[in-house]
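Fold and geometry: a report
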Amino acid sequence: MDYNIVVNNGNTILPQDIITLFGEEDVITYVEDKTPMAELVVQLGLFKSKGQARKAGRVGDIPEGWKGILEGLPFTLTEEQLRFVGDFIAHPNRNFYLLGASGCGKSVTMEVLGKYYEDTIVFCASSGVASQLMPNKISSGTAHRVMSLERDVTTEATLKKVNTTTQGIFGKSNLVRTIVVDEAFALDSDNLAKIEAMLTKLSRGTRNRKKRTLRVLLVGDCLQRLPIVSDARRDELTQRYGNYLMFGSDVWERLNFKGHVLTHNKRQEEGKDAHIFKAALRVIRYGEEARYEGVLKWLNKRVNTNYSEDAMLLAPTNKIVDEHNYRYLQNNPNQKFEFIAKVKGKYNIKDCPADERIILADGAEVLTLTNNIEGFWANGSAGVCEMVTSEGCYINFHDSGETHFVPIHTFEEEESYVENDVVQKDGSLKDVLRKRKIGSCEQISVKLAAAYTFSRVQGKTFNREGVLDMGADYLYTSQKMKDFCVSGLYIALGRFSSIGLISLAKPLKRCNIKVCRESINFWQESLAKYNNEWGL
């Protein structure tokens, strides 16, 4: 016989909560959460004695609820984050999406889900770079690998095709119940159709696994990361699914997503100019055309055509960035050291946070790409190379004023799989989610901080001076470039913690504010629905 038991640990339990979780099934509410598990099941009549209960593995303390995992974490969740996590846990069979601009805590929220669900959740991302940037190595790789997504438009045959990675995670066990896709809105409606097919196929029971309900959580910012597709693919997906964008497709409707929106930004500083800066970012982000003239006039006060060649530059194209990096190194009189990445196994160098070829010199400004276990630096820490060697470089970090040696780093590519019937300490057998290394890349874990493309600065925060060069007008006006650099200006400006750190290489124009109206409408509709549901 199955029992539904709710342990009251002091938090308010509403009747609607019970209905949401268990429907019309009978529920036993137990009050004292400090009672050992063995004693609880005896009192409920499930076992005759505590010895019998212990022998059956009913040992330990009663779980105290999901908020217990927040104790000891180095961060505090916002009300929005708490609301989402609680709602997500309360609806175990529902597909969700989580929207949030940069700096709103999407990564932190995913970390909490990872701690709560442990081996029953798998994380992936829409691209290799996004996967590598996920917090604390929680990613199992790209969505294409984890969910067997296709590069070409799916056919009836490829829609059901399962690769070895997907088979290894989901094929022989029903352990995993939740899939999280980060930067998900860079995927298109055909990708979502394949995800739907995989959820259906992998939820069915087979002779190797029991039936389960597999669900997906899509995380990202629909205004920053759009799918870049050819005109032919766009037309075909629109004809097949109603829209090439996921949220406008009939697939989206079938998956019945529930949405949450994170709006509290922690990146920009406070103060008078900060208030105006945040307002300007909102105008650019949401395409508020009536306010463009005032915002551009205010931002163009930052134009400085005589900026130093040593200044950090942000630009939309690799060509502009490469030219600036070349001039920056040419102006440095010190000896140059070249580091070439050493790739082993099935590691895709395009997914590496570090460049395949890195040239450094004493006196060069750099950013670190990894976290130091002793806390001397973190991913994105800025400093100056004091001495470069063939084994790494000594960096004087701006924030601490300390100098530390940053060595060659081994970036690893891993894939997840489920190992069946692993013996536990108490002698029981349990399926366990494992990871195995399939490839690696040895490279110095720093990046020349002279110039970046907009796409490479997502997720970073700059507390140092920088210059924006928006490039040629055709990048924003040509029909052939309509998916390129959407929200590019917002992304570039939003990396800086203060407007006082930003200079413009040339005046901004209206065409530089490039947005996707469909995505803006979806965001605003999601926010309105979210606010209405929660009475905000």
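Above: the structure in question.
Residues numbered from 1 in each chain as written. Predicted model: local features only at pLDDT ≥ 70, side-chain atom pairs only at ≥ 80, totals over all residues. Heavy atoms only, no water.

**Looking at the sheet that holds strand S6 (residues 178-182)**
If you trace the six strands from one edge of the open sheet to the other, you get S5-S4-S6-S7-S3-S8, paired in parallel fashion. Edge positions in the open sheet fall to strand S5 (139-142) and strand S8 (258-262), since each of these has one partner strand only. Sheet twist, expressed as the average angle between the axes of neighbouring strands with direction ignored, equals 20°. (Pairing = 2+ DSSP bridges. Helix = DSSP H or I, 4+ residues; strand = E, 2+ residues; numbered from the N terminus. Axes fitted to C-alpha atoms, helices over the stretch in contact; angles between N-to-C directions.)

**Things to note about the environment of glycine 248**
Here glycine 248 lies in the loop between helix H10 (231-241) and helix H11 (250-255). We classify glycine 248 as partly exposed; its relative accessible area is 35%. Placed 270 residues apart in sequence, glycine 248 and glutamate 518 show a C-alpha to C-alpha distance of 8.4 Å. Once residues lying within four places of it in the same chain are set aside, the contact partners of glycine 248 are Tyr241, Gly242 and Asn243. (Buried < 20%, exposed > 50% of the residue type's maximum accessible area, 1.4 Å probe, protein only. Contact = heavy atoms within 4.5 Å.)

**Quick word on the packing of helix H9 (residues 189-203) against H10**
It is at 9 Å that the axes of H9 and H10 come closest, and there the two elements cross at 50°. Relative to H10, H9 is oriented oblique. Seen from H9, the contacting residues are Ser189, Asp190, Asn191 and Ala193; seen from H10, they are Arg233, Leu237, Arg240 and Tyr241. In terms of residue class, the contact of H9 with H10 is made up of three nonpolar, two polar and three charged. (Parallel < 35°, antiparallel > 145°, perpendicular 65-115°, else oblique. Nonpolar A, V, L, I, M, F, W, Y, C, P; charged D, E, K, R; others polar.)

**So, the state of the cysteines**
Should the sulfur atoms of two cysteines be covalently bonded, the bond is a disulfide. Across all of its chains, the model carries zero disulfides by this definition. A disulfide-free cysteine, cysteine 222 has its sulfur positioned 8.2 Å from the sulfur of cysteine 516, the nearest such atom. Under the relative-accessibility criterion, cysteine 516 is labelled buried at 14%. (Disulfide = S-S within 2.5 Å.)

**Remarks on H10**
Along an α-helix, residues three or four apart share an orientation, since each turn contains 3.6 residues. All of the buried residues along H10 are Arg233, Arg234, Leu237 and Tyr241. Projected down its long axis, H10 carries its buried residues within an arc of 100°, all on one side. Away from its buried face, by an angle of more than 90 degrees, H10 presents the exposed residues Ala232, Asp235 and Gln239. Glycine 242 lies just past H10 and shows a positive phi near 95°. (Arc of directions from axis to C-beta.)

**Considerations on the pairing of strand S15 (residues 392-397)**
When strand S14 (residues 382-389) meets S15, the two strands line up antiparallel, connected through six bridges. Note on S15: the bridge partner recorded for cysteine 385 is isoleucine 395. What sits between S14 and S15 in their antiparallel hairpin is a turn of two residues. Pairing between S15 and strand S16 (residues 403-423): five bridges, direction antiparallel. Across the sheet, asparagine 396 pairs through a bridge with threonine 403, a residue of S16. The antiparallel pairing of S15 with S16 creates a hairpin that spans five residues between the two strands, and glycine 401 there sits at a positive phi of about 75°.

**Thoughts on empty space enclosed by the protein**
Going through the model one piece at a time under the given rule, you end up with one cavity of 30 Å³ or more. Forming the walls of the largest cavity are Phe185, Leu187, Cys222, Arg225, Leu226, Pro227, Leu245, Met246, Phe247 and Ser519. By residue class, the composition of the lining of the largest cavity is eight nonpolar, one polar and one charged. (1 Å grid on protein atoms, 1.4 Å probe; cavity = no way out; pocket = protein on both sides within 12 Å on 5 of 7 lines; lining within 4 Å. Points joined across faces, edges and corners; volume = space filled by probe spheres on them.)

**So, the pattern of salt bridges**
The full count for this structure, using the stated rule, is 24 salt bridges. Between glutamate 419 and arginine 434 there is a salt bridge, with its nearest N and O atoms 3.0 Å apart. Taken together, the residues glutamate 419 in strand S16 and arginine 434 in strand S17 (residues 429-444) connect sequence positions 15 residues apart. Bridged by salt links that share partners, the residues Asp188, Asp190, Arg233, Glu236 and Arg240 form one connected network. (Salt bridge = Lys/Arg side-chain N within 4 Å of Asp/Glu carboxyl O.)

**Examining the side chain of threonine 317**
Relative to the helices and strands, threonine 317 resides in the loop between strand S9 (312-315) and helix H14 (318-330). Judged by its relative accessible area of 18%, threonine 317 is buried. Within polar-contact distance, the side chain of threonine 317 engages the backbone nitrogen of isoleucine 320 at 3.4 Å. (Polar contact = N/O pair within 3.5 Å; in protein donor to acceptor, adjacent residues only side chain to side chain.)

**A look at the environment of valine 343**
Relative to the helices and strands, valine 343 is located in strand S11 (residues 342-345). Taking the C-alpha atoms as reference points, valine 343 and phenylalanine 411, separated by 68 residues in sequence, lie 9.4 Å from one another. Once residues lying within four places of it in the same chain are set aside, the contact partners of valine 343 are Ile349, Ser440 and Cys441.

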